[in-house]
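Survey of secondary and tertiary structure
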Amino acid sequence: VFGEVPGLRYAISVLTGSNIPQARNERLRRLTREGVDYVLFVDSDVLVAATNAIRKLVELVELTGGRSILYAPASFKYFRSPGELRRFIEGLRPTEVELSLSDLVPSLHIGMGLTLVTRGLATSLEFDEDMDLAEDRLYALKALSYGYAPYLVRREVPVYDVNLAGSRGDIYWRMPVGRYLRSPRKKALRVLLACVEDGSLRFSHRRLPKVLAKHLANAGLLALLVLLPLLALADVRLLAVAALTRLAATLGYAVRKMLMGFSLVDGLRNRFKFELYSALVLINLPLAYRDLLKVLRAAR
């Protein structure tokens, strides 16, 4: 469906059975064939109250020589009911923002809530269709290797990511096991990207230990399943401690999710899914670390 609104041409399409990067790539190909100069990504649950936000982003891209990605992060808003969300929307007032180059910070924490890319990048780089999650961060890293600087707009822009509290919108939860675990080296790279600081593009000494501890704990719980038969032969007391730890972690997680409205079966399945994911991430971290350092060193 094509149409016109004042100053903006738009198209709406539905791609049944696609994941997010596949849908984005289809749009990129379509738009570049149409001859656009810029592609603006706006998530379906994002509201933009700044009337001049797009113009300002375009101006800033031009000031960087057209070799950048600009991302204006959204403020997350949670509402208890559709009515409360509707009242928030009705209460929004159009406003304008002032942005300058000093508001831009080099960053690999790029989302696609409100993000501008140039035609040059859109024609030369697509999203990785193996990445069912965090594909935008991997896109930013690849853009950096292509000579495009990813920037986060640190000045607050009236952009809102709206959500209903308790809604079942967690893609990590709903994703099938096979899709969640595929391309583990790229998923490990995604984990490392979360530990890179804005500005310096160096590893954060605070984030990295926390992230590693989380995945080590998950992988350790998975390892207990393998060790239980060996512990049964070695020491009954160790077996009892390990079995209780394993049971408490599994049931505790599943029960907590049940209280949030999910089923017990889904809770158990996802507990093991996340543990397998952590184990694969840890195995692939050395190679992912090498891939990341290669790009960052070339960019510097």
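Source: prediction; values computed, not measured. (Residues numbered from 1 in each chain as written. Predicted model: local features only at pLDDT ≥ 70, side-chain atom pairs only at ≥ 80, totals over all residues. Heavy atoms only, no water.)

**Brief notes about the overall build of the chain**
The following threshold applies: Helix numbers and strand numbers start at the N terminus; a helix is a DSSP run of H or I with at least 4 residues, a strand a run of E with at least 2. Residue exposure (1.4 Å probe, protein chains only): buried if accessible area is under 20% of the type maximum, exposed if over 50%, otherwise partly exposed. Any two residues having at least one pair of non-hydrogen atoms within 4.5 Å are treated as being in contact. In this charge count, Lys and Arg are treated as positive and Asp and Glu as negative; neither His nor the chain ends contribute. A charged residue contributes its charge at one atom only: NZ of Lys, CZ of Arg, CG of Asp or CD of Glu.
Looking only at helices and strands, the chain features 11 helices and 10 strands. Seen through its principal axes, the chain has C-alpha atoms that stretch 75 × 50 × 35 Å. Every one of the 300 residues in the chain was classed for burial, and the buried ones make up 40%. Taking as baseline every contact in the chain between residues at least 6 positions apart, the subset at least 24 positions apart corresponds to 78%. Side-chain charges in the chain split into 43 positive and 29 negative, and the spacing between the mean points of these groups amounts to 6 Å.

**Topic: a nonpolar patch on the surface**
For clarity, the threshold we go by: Surface patches are drawn from residues lacking salt bridges whose relative accessible area is over 30%; two like charges belong together within 9 Å, two nonpolar side chains (Val, Leu, Ile, Met, Phe, Trp, Tyr) within 5 Å. Accessible surface area values rest on a Shrake-Rupley calculation with a 1.4 Å probe, where residue burial reflects the displayed protein chains alone. Between Lys or Arg on one side and Asp or Glu on the other, a salt bridge is scored when a side-chain nitrogen of the former is within 4 Å of a carboxyl oxygen of the latter.
Taken together, Leu-247, Leu-251, Val-255, Met-258, Leu-259 and Leu-264 make up a surface patch of nonpolar side chains, about 560 Å² in accessible area. The element contributing the most residues to the nonpolar patch is helix H10 (residues 236–259), with 5 residues.

**Notes on the pairing of strand E8 (residues 114–118)**
Counted only if it meets this: When DSSP finds at least two bridges between two strands, those strands are taken to pair.
By the criterion of burial, E8 is predominantly enclosed, with 5 of the 5 residues buried. Taking every second residue as pointing to the same face, both faces of E8 are buried, with Leu-114, Leu-116 and Thr-118 on one and Thr-115 and Val-117 on the other. Pairing of strand E3 (residues 38–42) with E8, which is carried by 5 bridges, proceeds in the antiparallel orientation. The partner of Leu-40 across the bridge, within E8, is Leu-116.

**Brief notes about helix H1 (residues 20–34)**
Which entries qualify depends on this criterion: The length a helix should cover is 1.5 Å for every residue beyond the first. Each C-beta atom gives one direction from the helix axis, and the arc is the one those directions make.
End to end, H1 covers 21 Å across 15 residues, agreeing with the expected 21 Å (1.5 Å per residue, within 8%). Buried residues of H1: Pro-21, Arg-24, Asn-25, Arg-27, Leu-28 and Thr-32, and no others. What you see down the axis of H1 is that its buried residues fit within an arc of 165°, all on one side. In the stretch just after H1, Gly-35 is the one whose phi turns positive, near 85°.

**Quick word on the environment of Leu-141**
Relative to the helices and strands, Leu-141 resides in helix H5 (residues 135–145). The class for Leu-141 is buried, based on a relative accessible area of 4%. For Leu-141, the contacting residues outside a window of four places in its chain are Leu-108, Leu-189, Leu-193, Leu-292 and Val-295.

**Quick notes on H10**
For H10, with 24 residues, the first-to-last C-alpha span of 34 Å sits near the 34 Å given by 1.5 Å per residue. If you check which residues of H10 are buried, you get Ala-242, Arg-246, Thr-250, Tyr-253, Ala-254 and Lys-257. Residues of H10 that are buried make contact with helix H6 (171–174), helix H9 (207–234) and helix H11 (264–299). Within two residues after H10, Gly-261 carries a phi angle of roughly 105°, on the positive side.

**Here's the deal with the sheet that holds strand E7 (residues 104–106)**
This is how it is decided: In this analysis, axes come from line fits to C-alpha atoms, helices being fitted only over the stretch in contact, and the angle between any two N-to-C directions falls in the range 0 to 180 degrees.
The 5 strands are arranged E3-E8-E5-E9-E7 in an open sheet whose pairing can be described as mixed. The open sheet has two edge strands, E3 and E7, and neither has a second partner. Each neighbouring strand pair of the sheet contributes to a mean axis angle of 25°, computed without reference to strand direction.

**With respect to the nonpolar core**
Nonpolar side chains tend toward joint burial in soluble globular proteins. Our working rule: In plain words, nonpolar cores are sets of buried Ala, Val, Leu, Ile, Met, Phe, Trp, Tyr and Cys residues tied together by side-chain atoms within 4.5 Å.
Judged by nonpolar contacts, the single largest core of 30 residues is most densely connected at Leu-108, Leu-141, Tyr-180, Phe-203 and Leu-292. For this core, the elements supplying multiple residues, two or more each, are H5, helix H7 (177–181), helix H8 (184–193) and H11. The element contributing the most residues to this core is H11, with 9 residues.

**A word on the packing of H9 against H10**
Here is the rule we go by: An angle counts as roughly parallel when it lies under 35 degrees, as roughly antiparallel when it exceeds 145, as roughly perpendicular when it falls between 65 and 115, and as oblique in every other case. Note: crossing handedness is left-handed where the near helix turns anticlockwise from the far helix by less than a right angle, and right-handed where it turns clockwise. Polarity classes work like this: nonpolar for Ala, Val, Leu, Ile, Met, Phe, Trp, Tyr, Cys and Pro, charged for Asp, Glu, Lys and Arg, and polar for all others, with Gly in that last group.
H10 packs onto H9 with a crossing angle of 155° between their chain directions and a minimal axis gap of 8 Å. As judged from the angle between their axes, H9 and H10 are roughly antiparallel. Viewed along their axes, H9 and H10 form a crossing whose handedness is left-handed. Residues Leu-221, Leu-222, Leu-224, Leu-225, Leu-228, Leu-231, Ala-232 and Ala-234 of H9 touch H10, and the partners they reach there are Val-236, Leu-238, Leu-239, Ala-242, Ala-243, Thr-245, Arg-246 and Ala-249. Partitioning the contact of H9 with H10 into residue classes produces 14 nonpolar, 1 polar and 1 charged.

**A look at the sheet that holds strand E4 (residues 46–48)**
The sheet built from 3 strands is open, its strands ordered E4-E10-E6 with mixed pairing. The sheet is open, and its two edges are formed by E4 and strand E6 (75–79), each paired on a single side. The mean angle between the axes of side-by-side strands here comes to 30°, regardless of whether they run parallel or antiparallel. With 3 bridges connecting them, E4 and strand E10 (residues 159–164) associate as antiparallel partners. Directly across from Val-48, in E10, lies its bridge partner Val-159.

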